[in-house]
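What follows is each chain in one-letter form.
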Amino acid sequence: DQQVKQNSPSLSVQEGRISILNCDYTNSMFDYFLWYKKYPAEGPTFLISISSIKDKNEDGRFTVFLNKSAKHLSLHIVPSQPGDSAVYFCAASGKAAGNKLTFGGGTRVLVKP
Amino acid sequence: DTGVSQNPRHKITKRGQNVTFRCDPISEHNRLYWYRQTLGQGPEFLTYFQNEAQLEKSRLLSDRFSAERPKGSFSTLEIQRTEQGDSAMYLCASSLDGTSTDTQYFGPGTRLTVL
């Protein structure tokens, strides 16, 4: 039972363009959503998060959008840079479940110079 | 603040041996989480602590897995009688206080290879 899904395993984008990563969830108890970036042989690095009471959060080049009715969130990276090439994980948590994170399967992003 | 640290970074062991991993969280963080990541998958929750109390361990993969956080600071994850299927990246994360918008920060992980 995959409660968090990232349906695109990979994404290729030209430097300077927008990267859009998508994530769907099924558990209505999730109330906090996070995006992590991961390089090979390293732990996930926190990027940006959004609480369920908001529909948008922006931090520099990164913006996360949350559509609660559709149980869908997306991460926009603009402009994309070669250093953004990594695997991106969507994660969700709920206080009622101890805030443990449930992760999607990841999307590998390649930014071409 | 040096972030979450984990030791060792890599561990190669023979099937049937016991292994222990250590995690040092960010110093003021009360929560500590363990996850496991296998190739091509997202991290999978194993267990977590609030200070020294282990609040959930039902997701530990078998009774061969155990975790401790004896003084509410560092934590250890032990796997007894390792099997080849235990080969994975073991990740530790810490967070401040478990509020609804509490963000977890991860260490670099320990990669376990069971031969």
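Above this note sits the structure.
Overview of the structure. Worth saying up front: this structure is predicted, and the values here are computed from it rather than measured.

Focus on the overall build of chain A
Per the secondary structure count, chain A includes zero helices and 11 strands. Tracing chain A from N to C terminus, the helices and strands come up as β-β-β-β-β-β-β-β-β-β-β. Scaling as 2.2 N^0.38, a compact globule of 113 residues should have a C-alpha radius of gyration of about 13 Å, and chain A matches this with 13 Å. Seen along its three principal axes, the alpha-carbon backbone of chain A occupies a region of about 45 × 30 × 20 Å. Going through the 113 residues of chain A one by one, you find that 48% of them count as buried. When contacts within chain A are restricted to residue pairs at least 6 apart in sequence, long-range pairs at least 24 apart make up 54% of them. Within the structure as shown, chain A displays about 5400 Å² of accessible surface, and the carbon and sulfur contribution to it stands at 50%. Counting 13 positive and 9 negative side-chain charges, chain A places the averaged centre of each group 3 Å from the other.

What about the nonpolar core?
Counting residues in each nonpolar core, the largest one holds 23 residues, and the members touching the most others are Phe33, Trp35, Leu73, Leu75 and Tyr88 of chain A. Counting only elements with at least two residues in this core, the list comes to strand S3 (19-25), strand S4 (32-38), strand S5 (45-51), strand S7 (62-67), strand S8 (72-77), strand S9 (86-93) and strand S11 (107-112) of chain A. By size, the runner-up hydrophobic cluster in this structure holds 19 residues, among which are Leu32, Tyr90, Leu112 and Val114 of chain B.

Some points on unusual backbone geometry
Between Val78 of chain A and Pro79 of chain A the backbone carries a cis peptide bond, its omega angle lying at -10°. With respect to the helices, strands and loops of the structure, Pro79 of chain A is situated in the loop between S8 and S9. Note the cis peptide between Asn7 of chain B and Pro8 of chain B, where omega equals -5°. Mapped onto the secondary structure, Pro8 of chain B falls in the loop between strand S1 (5-7) and strand S2 (10-13). Although it is not a glycine, Arg81 of chain B sits at a positive phi angle of roughly 50°. With respect to the secondary-structure elements, Arg81 of chain B resides in the loop between strand S8 (75-79) and strand S9 (88-95).

Considering the pattern of salt bridges
In the structure shown here, the tally under the stated rule is five salt bridges over all chains. Here Glu56 of chain B and Lys100 of chain A are joined by a salt bridge, their closest N and O atoms 3.1 Å apart. Of this pair, Glu56 of chain B sits in strand S6 (residues 53-56) while Lys100 of chain A sits in the loop between S9 and strand S10 (102-103), on two different chains. Here the two residues Glu56 of chain B and Lys100 of chain A agree in accessibility, since each one is buried. In this structure, the salt-bridge partner of Arg64 of chain B is Asp86 of chain B, at a minimum N-O distance of 2.8 Å. Within this pair, whereas Arg64 of chain B is found in the loop between S6 and strand S7 (65-68), its partner Asp86 of chain B is found in the loop between S8 and S9, the two being separated by 22 residues in sequence. Across this residue pair, the class does not change: Arg64 of chain B and Asp86 of chain B are buried. Salt bridges sharing partners connect three or more residues here, namely Arg64, Glu83 and Asp86 of chain B.

Looking at the side chain of Thr107 of chain A
Residue and element names in this part refer to chain A. Along the chain, Thr107 turns up in strand S11. Taking relative accessible area as the criterion, Thr107 reaches 3% and is therefore assigned buried. Engagement of the side chain of Thr107 in a polar contact is seen with the backbone oxygen of Ser8, the distance being 2.7 Å.

Considering the sheet that holds strand S1 (residues 4-5) of chain A
If you walk across this open sheet you meet the five strands as S1-S3-S8-S7-S6 (chain A), and the pairing is antiparallel. With partners counted over all chains shown, the strands left at the sheet margins are S1 and strand S6 (56-59) of chain A, one partner each.

Examining the pairing of S5 of chain A
All names here are of chain A. Where burial is concerned, most of S5 is hidden: five out of the seven residues are buried. Of the pairings in the sheet, the one linking S4 to S5 comprises six bridges and is antiparallel in character. Opposite Tyr36, over in S5, you have Phe46 as the bridge partner.

Thresholds, definitions, all that
- Residues numbered from 1 in each chain as written.
- Chains lettered and ligands numbered in written order.
- Predicted model: local features only at pLDDT ≥ 70, side-chain atom pairs only at ≥ 80, totals over all residues.
- Heavy atoms only, no water.
- Helix = DSSP H or I, 4+ residues; strand = E, 2+ residues; numbered from the N terminus.
- Rg over C-alpha atoms; globule rule 2.2 N^0.38 Å.
- Buried < 20%, exposed > 50% of the residue type's maximum accessible area, 1.4 Å probe, protein only.
- Contact = heavy atoms within 4.5 Å.
- Areas by Shrake-Rupley, 256 points an atom, 1.4 Å probe, with all protein chains shown as cover.
- Lys, Arg positive; Asp, Glu negative; His and termini not counted.
- Charge placed at Lys NZ, Arg CZ, Asp CG, Glu CD.
- Core = buried A, V, L, I, M, F, W, Y, C linked by side-chain atoms within 4.5 Å.
- Salt bridge = Lys/Arg side-chain N within 4 Å of Asp/Glu carboxyl O.
- Polar contact = N/O pair within 3.5 Å; in protein donor to acceptor, adjacent residues only side chain to side chain.
- Pairing = 2+ DSSP bridges.

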